[in-house]
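Listed here are the chains, written in short residue letters.
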Amino acid sequence: MTQTTESFSVSVANVRKAYGTTTALDDVSLTVQAGEFLTLLGPSGCGKTTLLNLIAGFVQPDQGSICIDGESVNELPPYRRSIGMVFQHYALFPHMSVADNVGFGLKMHQVPKSEIAVRVKAALEMVRLGQLGERRPRELSGGQQQRIALARALVINPKVVLLDEPFSAIDKNLRAEMQVELKQIQQRLGITTIFVTHDQSEALSLSDRIAVMSNGQIEQLSAPADLYRHPASSFVASFIGDINRFPCVIKARTETTCTVAMADTLLTLPITHPALSIGAAALLFIRPEELTLVPSHSDAANLGTGQVDTHVYQGTHVDVYVRFADARVLRVRHPGWQATSLFALGQAVGVQANLQQAFIFPAR
Ligand SMILES: Nc1ncnc2c1ncn2[C@@H]1O[C@H](COP(=O)(O)OP(=O)(O)OP(=O)(O)O)[C@@H](O)[C@H]1O
Ligand SMILES: [Mg+2]
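Residues numbered from 1 in each chain as written. Chains lettered and ligands numbered in written order. Predicted model: local features only at pLDDT ≥ 70, side-chain atom pairs only at ≥ 80, totals over all residues. Heavy atoms only, no water.

Participant: Explanation requested: the overall build of the protein chain in the structure shown.
Facilitator: Counting its regular elements, the protein chain contains nine helices and 20 strands. Seen along its three principal axes, the alpha-carbon backbone of the protein chain occupies a region of about 80 × 45 × 40 Å. Going through the 364 residues of the protein chain one by one, you find that 50% of them count as buried. The long-range fraction of contacts in the protein chain, counting pairs at least 24 apart against all pairs at least 6 apart in sequence, stands at 67%. Within the structure as shown, the protein chain displays about 17,200 Å² of accessible surface, and the carbon and sulfur contribution to it stands at 51%. In the protein chain, 31 side chains carry a positive charge and 32 a negative one; their mean positions are 5 Å apart. (Helix = DSSP H or I, 4+ residues; strand = E, 2+ residues; numbered from the N terminus. Buried < 20%, exposed > 50% of the residue type's maximum accessible area, 1.4 Å probe, protein only. Contact = heavy atoms within 4.5 Å. Areas by Shrake-Rupley, 256 points an atom, 1.4 Å probe, with all protein chains shown as cover. Lys, Arg positive; Asp, Glu negative; His and termini not counted. Charge placed at Lys NZ, Arg CZ, Asp CG, Glu CD.)

Participant: So what exactly am I meant to see when it comes to the sheet that holds strand E12 (residues 257-262) here?
Facilitator: Two modes of strand pairing occur in sheets, parallel and antiparallel, and in both the strands are linked by backbone hydrogen bonds. Ordered by their spatial adjacency, five strands build an open sheet running E13-E12-E11-E14-E20, and the pairing between neighbours is antiparallel. Looking at the sheet topology across the chains shown, the edges are occupied by strand E13 (265-270) and strand E20 (359-362). Within this sheet the neighbouring strands show an average axis-to-axis angle of 40°, counted without direction. Relative to E13, E12 is paired through six bridges, and the arrangement is antiparallel. Paired with Cys258 across the two strands is Leu269, which belongs to E13. (Pairing = 2+ DSSP bridges. Axes fitted to C-alpha atoms, helices over the stretch in contact; angles between N-to-C directions.)

Participant: Help me understand the coordination of the magnesium ion (ligand 2) in this model?
Facilitator: Under ideal tetrahedral coordination, the four donors around a metal are separated by 109.5 degrees; under ideal octahedral coordination, the six donors are separated by 90 or 180 degrees. The coordination sphere of the magnesium ion (ligand 2), as far as protein atoms go, consists of Thr49 (OG1) and Gln88 (OE1), spread over 2.0 to 2.6 Å. Placement of the pair is Thr49 in helix H1 (residues 48-56) and Gln88 in the loop between strand E6 (83-86) and helix H2 (98-108), with a sequence separation of 39 residues. You can call Thr49 partly exposed: its relative accessible area is 28%. (Donors = N, O, S within 2.8 Å, 3.2 Å for Na, K, Ca; no water.)

Participant: Whenever I open this one, the pattern of salt bridges confuses me. Can you help?
Facilitator: One pass over the structure, following the stated rule, counts 17 salt bridges. Linking Glu181 and Arg147 is a salt bridge whose minimum nitrogen-to-oxygen distance equals 3.0 Å. Highlighted residues: Glu181 in helix H5 (residues 172-189) and Arg147 in helix H4 (residues 142-154), separated in sequence by 34 residues. Considered together, Glu181 and Arg147 belong to a single accessibility category, that of buried residues. Connected via shared salt-bridge partners are Arg128, Arg147, Glu177 and Glu181. (Salt bridge = Lys/Arg side-chain N within 4 Å of Asp/Glu carboxyl O.)

Participant: What exactly am I supposed to notice about the sheet that holds strand E9 (residues 209-214) here?
Facilitator: If you trace the six strands from one edge of the open sheet to the other, you get E6-E7-E8-E3-E9-E10, paired in mixed fashion. The outermost strands of the open sheet, each flanked by one partner alone, are E6 and strand E10 (217-222). Direction aside, the axes of adjacent strands within the sheet are offset by 15° on average. The sheet contact formed by E9 and E10 spans five bridges and is antiparallel. Note on E10: the bridge partner recorded for Ser214 is Gln217. Its contacts with the sheet place H5 against strand E3 (37-41), strand E7 (160-164) and strand E8 (192-197), and it is angled at close to 135° to E3.

Participant: Explanation requested: the site of ligand 1 in the structure shown.
Facilitator: Lining the immediate surroundings of ligand 1 are 14 residues, of which Ser44, Gly45, Lys48, Thr49 and Thr50 lie closest. The separation between an oxygen atom of ligand 1 and a polar side-chain atom of Thr50 is 2.5 Å. The separation between an oxygen atom of ligand 1 and a polar side-chain atom of Gln88 is 2.9 Å. Here ligand 1 has 630 Å² of accessible area as a free molecule, and 61% of this is covered by the chains. Every element with two or more residues in the shell around ligand 1 is listed here: strand E2 (22-32) and H1. Looking at the shell around ligand 1, the element that brings in the most residues is H1, giving three residues. In terms of residue class, the shell around ligand 1 is made up of four nonpolar, eight polar and two charged. (Near = heavy atom within 4 Å. Polar contact = N/O pair within 3.5 Å; in protein donor to acceptor, adjacent residues only side chain to side chain. Nonpolar A, V, L, I, M, F, W, Y, C, P; charged D, E, K, R; others polar.)

Participant: Help me understand the domain arrangement of the protein chain, please; the structure alone is not making it clear to me.
Facilitator: Note on interface size: it is often stated as the accessible area lost on association of the parts. Domain assignment breaks the protein chain into domain 1 (10-237) and domain 2 (242-362). Contacts between the two partners involve eight residues from domain 1, matched on the other side by nine residues from domain 2. Both sides of the domain 1 and domain 2 interface together cover about 780 Å² of buried area, and 49% of this is carbon and sulfur. Among the residues of domain 1 in contact with domain 2, Tyr228, Ser234 and Ala237 are the three that bury the most area, contributing 59% of the side total. Sort the elements by how many residues they give to the side of domain 1 that touches domain 2 and helix H7 (residues 224-229) lands first, with three residues. Split into classes, the residues belonging to the side of domain 1 that touches domain 2 amount to five nonpolar, two polar and one charged. (Domains from an automatic or database assignment. Buried area = accessible area lost by both parts, 1.4 Å probe.)

Shown next as structure tokens:
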């Protein structure tokens, strides 16, 4: 398998799909650039697999169109869309050897036997399983089976590859290794890739862009760092990364800032959503790394003072949970390992927030 010289875009326009009374996709539009690694991220049941199946042609939309390289594929059956797919469950044929599994699509396309052998060998080598062609799927580990599924998707030289939670059944260390491998293969081939996961750290580490989905809709489509730093809704803020969340009330606002009351504290911070009116209930979000522990009577303690409740040691940092008198608990991320000795359990501490990096959204 050689470097792909050509990459293809995928666009989905105003797609709807319902199963009986369940709306699986609700007016979804999305363009995946040629050569891009785009991830669909969202909780179980939000419509990720349905969207992949629509692009692959296994499911027909009730409405809307799907184009590959600018050409509508709505009328094309799956095998004519030139898509390689890795399914949520490996779906290898148990009675066939590994090599026959990988070569199956080529055989269906009536590629000559000698060429199949060469392409299967190259695909197996790409996923580092060149020696295992004669085995049956049951004689392989879960990680190896998933590599075979990837080889089977790539061997047809597809225009686009779709991967549905390919690593969900694989343990953490192997998963990290396979993520790196997948990314390297994808970059080497320059192949347009749509990847599904409900694991936000997997999405953040692999993707050029991420579409965060909820209830059959795309909530936000952005580069990983933009999603993390500029979430567009309280759903995205809650779903991506660790975050503290507090109810508050809008007390005042200007063009660019608003002042909110949180318990008995007044805070002024940048506006991050257009629909914030005075008197409205809102939600304030702030990441644990944007909070700092300061002496309990320090003027810097803009969020107030509480007591150290718990330490959670995480290797590179310690998460310190601080309980306030009104029972709110804040998670403060302290770099390094010293927080456990610097801040004793029960000790009074002040909490300082970097409000420039806080997010505020209307309460739903
Ligand atoms: N064949 C089907 N018949 C009826 N309902 C379906 C069918 N396929 C999916 N659904 C429903 O459509 C919605 C979206 O399902 P989908 O499989 O796309 O979710 P998902 O985001 O892939 O979830 P998961 O992370 O659990 O795989 C769910 O409510 C699901 O129950
Ligand atoms: Mg799914």
